[in-house]
Amino acid sequence: MGKKLMRIGISLPGELLDKFDKTLMKRGYSSRSEGIRDAIRTYNQHYEWMKQIRGSRSATISIVYDCSKKGVTSTLAEIQHEYVDMISSSVHFHMEEDLCFEVIILKGEGEQIVDLAQRILSIKGVKHSRLTTVPEEKNE
């Protein structure tokens, strides 16, 4: 028995869809649907990877966000203050007039690091977020 295909409708900014379509063409996808299926599979794999992050970790969270969006900067600050015991440092600079890049350097339990990364990514105005973790090495 074959897998049932479901139809969905989504709303996207035109600029984002145009960029996605150009990427699909460059990568040789046969259809937009196949590209979206591949993107969803990649998203699901990333989520599964994040669920496996456990134990003491060093990490970075890199963020690109629109600092002109109301409340995004203050929300980022509020969330980071909740994790102040884990955050060692952060670096912030302006890429463009309304676009900021920030890197948060931290150390703590994997589950809390993932929680922080997910909370940051869910903020409206955050365009990109990347989590990188390294397990703590034990001296034996």
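Quick note: structure is the one above.
An account of the accompanying structure is given in this report. Because the structure is a prediction, the values reported are computed rather than measured.

Secondary structure summary: the protein contains four helices and four strands in total. Secondary structure of the protein in N-to-C order comes out as α-α-β-α-β-β-α-β. Here the protein has a C-alpha radius of gyration of 18 Å; the compact-globule value for 140 residues is 14 Å, and the former is much larger. Viewed in the frame of its principal axes, the protein has a C-alpha envelope of about 50 × 45 × 25 Å. In the protein, buried positions account for 26% of the 140 residues. Restricting the contact set of the protein to residue pairs at least 6 apart, pairs at least 24 apart contribute 68%. Here the protein has roughly 10,600 Å² of accessible surface; of this, 53% comes from carbon and sulfur atoms. Taking the 21 positively charged and 20 negatively charged side chains of the protein as two groups, their mean positions are separated by 10 Å.

The next point concerns helix H4 (residues 110-121). Along its 12 residues, H4 runs 17 Å from first to last C-alpha, staying within 8% of the 16 Å computed at 1.5 Å per residue. Where the residues of H4 are buried, they touch helix H2 (32-51), strand E1 (56-66), helix H3 (72-82), strand E2 (87-96), strand E3 (99-109) and strand E4 (126-135).

Per the counting criterion, the structure on display carries seven salt bridges. Between Glu48 and Lys51 there is a salt bridge whose closest N-O contact spans 3.3 Å. Taken together, the residues span about one helical turn, with Glu48 and Lys51 both in helix H2 at a distance of three residues. On the accessibility criterion, Glu48 (38% relative accessible area) is partly exposed. Lys51 sits in the partly exposed class, given a relative accessible area of 38%. Its salt-bridge partner being Glu136, residue Lys107 comes within 3.5 Å of it at the nearest N-O pair.

Where strands meet in a sheet, backbone hydrogen bonds hold them as pairs that are either parallel or antiparallel. On the basis of which strands lie adjacent, the open sheet formed by four strands has the order E2-E3-E1-E4 and antiparallel pairing. Strand pairing shows two members of the sheet lacking a second neighbour, E2 and E4, which therefore form its edges. Averaged over all pairs of adjacent strands, the angle between their axes in this sheet comes to 15 degrees, without regard to strand direction. With 11 bridges connecting them, E1 and E3 associate as antiparallel partners. Along E3, the bridge assignment pairs Asp66 with Leu99. Strand contacts of H3: E1, E2, E3 and E4, with the helix running at about 170 degrees to E1, the strand carrying the most contacts.

Conventions used here
- Residues numbered from 1 in each chain as written.
- Predicted model: local features only at pLDDT ≥ 70, side-chain atom pairs only at ≥ 80, totals over all residues.
- Heavy atoms only, no water.
- Helix = DSSP H or I, 4+ residues; strand = E, 2+ residues; numbered from the N terminus.
- Rg over C-alpha atoms; globule rule 2.2 N^0.38 Å.
- Buried < 20%, exposed > 50% of the residue type's maximum accessible area, 1.4 Å probe, protein only.
- Contact = heavy atoms within 4.5 Å.
- Areas by Shrake-Rupley, 256 points an atom, 1.4 Å probe, with all protein chains shown as cover.
- Lys, Arg positive; Asp, Glu negative; His and termini not counted.
- Charge placed at Lys NZ, Arg CZ, Asp CG, Glu CD.
- Expected span 1.5 Å × (residues − 1).
- Salt bridge = Lys/Arg side-chain N within 4 Å of Asp/Glu carboxyl O.
- Pairing = 2+ DSSP bridges.
- Axes fitted to C-alpha atoms, helices over the stretch in contact; angles between N-to-C directions.

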